[in-house]
Amino acid sequence: MGDNIPKKFTFTGLALTIFLMFFFVLLYMEFLKNAQIEVKSQDETLNQLKKQQIVTLNKLFNYNSSFESKSISGDKVVVAVLDSGINQNHTDLKGIVKKSFNALNNSNDLSDNFGHGTAVAGLIASKNDDSDSIGISKNVDIYSVKVIQDNGEVNVSDFIHGLRWSIDENVDVINVSLGFNSESKELKDIVDEAVNNGIIIVASSGNTNGLNAQYPARFENVISVGVVNEQLLPTNLSAIGKIDFVAPGTNLISLDNHGEYSKFSGSSFSTALVSGVIVENLNNLDIEKGKNTFSEVMYLLKKNSKGINLNKENVGNGVPTFP
């Protein structure tokens, strides 16, 4: 009888173990089911917000279905995006990024490990055959110029190197969604060279929390872009001072470096939107590229912008619009 007790105990323990394993498997399956439902729900919500954003921005920038993005010269406007690199394999950007350059070390590493440049490019450009694409311009080529390190830092020398490459490539617009707190002669000289060659530089005023705009945005011959919220009011990130135009830049949905979509906030992304609007103005207006390009574009943008009844130091000339 003593021999039977351990056998009975062992059997009971084994049964309990099997029961618990079965129970936890059921719990895990239920967890996976709920997780899948939650992910699906999040995807559906993001898609709804994406469509809503497209409608809102189209209305803000005076885009309508009858507008046809075309190029006066027959060539697409070329925008150099000086940033952290771009995920060129993202579905929404395939075929749009035509050239790439790493200004950090002249290497072939063109990936966007920081996750900033892809979002910027995604707000500037969209595929011509995709009405659900969030980018502003459908008639643009992007040149990716990597000047931001993978940790988010950027050196003036690397930035100037990227500007030099962009000038040599004769791009039409340079998007600068970054800034420096102080100016330098070298930076000013190369900005002047770009502008004298008919290149429009669109730069973020910076998330300075009420301080003045950063450089190169603060230079007079650079278009400085500030950030406002959905109600077109300055945010706590907004710079004050040298602001030429503003655009929404809170919780914008754009492309991420993982091939998906995410939310982004800051003047970097307002700047990308304004660059897209400028591209459409260049595409549809007969503006000859040269040393007067900047003044002509500024005149037209001011003329067609939507004013905001606030201090000009906060919102500049308001929101630029389609021609």
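One can find the structure itself at the top, above this paragraph.
Residues numbered from 1 in each chain as written. Predicted model: local features only at pLDDT ≥ 70, side-chain atom pairs only at ≥ 80, totals over all residues. Heavy atoms only, no water.

1. Thoughts on the overall build of the protein chain
- Counting secondary structure elements, the protein chain contains seven helices and nine strands.
- Expressed as a percentage of its 323 residues, the buried residues of the protein chain come to 48%.
- Within the protein chain, contacts between residues at least 6 apart in sequence are counted, and of these 73% link residues at least 24 apart.
- Accessible area for the protein chain stands at about 16000 Å²; split by element, carbon and sulfur atoms hold 52% of it. (Helix = DSSP H or I, 4+ residues; strand = E, 2+ residues; numbered from the N terminus. Buried < 20%, exposed > 50% of the residue type's maximum accessible area, 1.4 Å probe, protein only. Contact = heavy atoms within 4.5 Å. Areas by Shrake-Rupley, 256 points an atom, 1.4 Å probe, with all protein chains shown as cover.)

2. Quick notes on unusual backbone geometry
- With omega at 10°, the peptide bond leading from Tyr-215 into Pro-216 counts as cis.
- With respect to the helices and strands, Pro-216 occurs in the loop between strand S5 (200–204) and strand S6 (223–228).
- For Leu-232, which is not a glycine, the phi torsion comes out positive at approximately 65°.
- You can see Leu-232 is positioned in the loop between S6 and strand S7 (245–248).

3. Examining helix H6 (residues 293–304)
- A rise of 1.5 Å per residue sets the reference length of H6, with its twelve residues, at 16 Å; its end C-alpha atoms lie 17 Å apart and thus fit the reference within 8%.
- Turning to H6, its buried residues number three or more, namely Thr-293, Phe-294, Val-297, Met-298 and Leu-301. The buried residues of H6 occupy one face: seen down the axis, they fall within an arc of 120°. Exposed and oriented more than 90 degrees from the buried face of H6 are Tyr-299 and Lys-303.
- The inward-facing, buried residues of H6 abut helix H4 (185–196), S5, S6, S7 and helix H5 (267–284). (Expected span 1.5 Å × (residues − 1). Arc of directions from axis to C-beta.)

4. Some words on the side chain of Asp-158
- You can see Asp-158 is positioned in helix H3 (residues 156–168).
- Salt bridges are absent for the buried Asp-158, whose nearest opposite-charge side chain, Lys-146, sits at 11 Å.
- Sequence-distant contacts of Asp-158, defined by excluding residues within four places in its chain, comprise Ala-103, Leu-104, Val-147 and Gln-149. (Lys, Arg positive; Asp, Glu negative; His and termini not counted. Salt bridge = Lys/Arg side-chain N within 4 Å of Asp/Glu carboxyl O.)

5. With respect to the environment of Leu-237
- Among the secondary structure elements, Leu-237 is positioned in the loop between S6 and S7.
- Its relative accessible area of 26% is what places Leu-237 among the partly exposed residues.
- C-alpha of Leu-237 to C-alpha of Gly-206: the two residues are 31 residues apart in sequence and 7.9 Å apart in space.
- Apart from the residues lying within four places of it in its own chain, the contact partners of Leu-237 are Gly-206, Asn-207, Thr-208, Asn-209, Val-227 and Gly-266.

6. A look at the side chain of Asn-221
- In this fold, Asn-221 is placed in the loop between S5 and S6.
- Side-chain polar atoms of Asn-221 contact the side chain of Asp-192, separated by 2.8 Å.
- Apart from the residues lying within four places of it in its own chain, the contact partners of Asn-221 are Lys-188, Val-191, Asp-192, Val-195 and Phe-294. (Polar contact = N/O pair within 3.5 Å; in protein donor to acceptor, adjacent residues only side chain to side chain.)

7. Quick notes on the pairing of S6
- Counting buried positions over the six residues of S6 gives six, a clear majority of the element.
- Of the two faces of S6, the one carrying Ile-223, Val-225 and Val-227 and the one carrying Ser-224, Gly-226 and Val-228 are both buried.
- Of the pairings in the sheet, the one linking S5 to S6 comprises three bridges and is parallel in character. From the neighbouring strand, Ala-203 faces S6, where its bridge partner is Ser-224.
- Sheet topology note: the S6/S7 ladder contains four bridges and is parallel. Each bridged residue has a counterpart across the sheet, and for Gly-226 the counterpart in S7 is Val-246. (Pairing = 2+ DSSP bridges.)

8. Details of the sheet that holds S5
- Taken together, the seven strands give an open sheet; going across it, the order is S2-S3-S1-S4-S5-S6-S7, and neighbouring strands pair in parallel fashion. Each of the sheet's edge strands pairs with one partner strand only, and the pair in question is strand S2 (97–102) and S7. When the angles between neighbouring strand axes are averaged without regard to direction, this sheet yields 25°.
- Bridge analysis of strand S1 (residues 77–83) against strand S3 (residues 140–146) gives seven bridges, and the strand direction is parallel. Each bridged residue has a counterpart across the sheet, and for Val-79 the counterpart in S3 is Ile-142. (Axes fitted to C-alpha atoms, helices over the stretch in contact; angles between N-to-C directions.)

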